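# An overview of the molecular structure
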Amino acid sequence: MHIIMVPIIIFLLIVAPIWLILHYKSQRQISQGLSEEEYMQMSELSELADRMADRIKTLEAILDEEAPQWRKGV
């Protein structure tokens, strides 16, 4: 019985408080939303994704004209 109690007490006194502190710290960061830097990075990535989508549409249009059967090979 005492063999099981020692690890449980150690867990409750050392691991559990650290775990709770880190958990609530991460929850607070999530609830605060994006920082200014993260927002700027997200905007930049969104713009890059839009440009890439436009390029893909252009390439598909060119391939549709020059090689109409290209989609069957994909």
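See the structure above.
Remember, it's a predicted structure, so these values are computed and weren't measured experimentally.

Criteria and cut-off values
Residues numbered from 1 in each chain as written. Predicted model: local features only at pLDDT ≥ 70, side-chain atom pairs only at ≥ 80, totals over all residues. Heavy atoms only, no water. Salt bridge = Lys/Arg side-chain N within 4 Å of Asp/Glu carboxyl O. Helix = DSSP H or I, 4+ residues; strand = E, 2+ residues; numbered from the N terminus. Buried < 20%, exposed > 50% of the residue type's maximum accessible area, 1.4 Å probe, protein only. Expected span 1.5 Å × (residues − 1). Bend = angle between axes of the 7 residues up to and from the residue. Phe/Tyr/Trp six-rings, centres within 6.5 Å; stacked < 30°, edge-to-face > 60°.

With that settled, the discussion passes to the pattern of salt bridges. With the rule as written, the count across this model stands at 2 salt bridges. Measuring nitrogen to oxygen at the nearest pair gives 3.9 Å for the salt bridge that ties E60 to R71. Of the two residues, E60 is situated in helix α2 (residues 36–66) and R71 in the segment after α2; the sequence distance between them amounts to 11 residues. In this structure, the salt-bridge partner of R71 is D64, at a minimum N-O distance of 3.2 Å. The partly exposed category is assigned to R71, whose relative accessible area is 44%. Here D64 falls in the partly exposed class, since its relative accessible area comes to 34%.

A word on helix α1 (residues 2–32). Relative to the 45 Å expected for 31 residues at 1.5 Å per residue, α1 spans 44 Å between its end C-alpha atoms, a close match to the ideal helical length. At L12, α1 shows its strongest bend, of approximately 40°. G33 lies just past α1 and shows a positive phi near 85°.

Enumeration over the complete set of coordinates arrives at 1 aromatic pair. Geometrically, the ring pair formed by F11 and W19 is edge-to-face, given 6.3 Å between the ring centres and 80° between the ring planes. For W19, a relative accessible area of 56% gives the class exposed.

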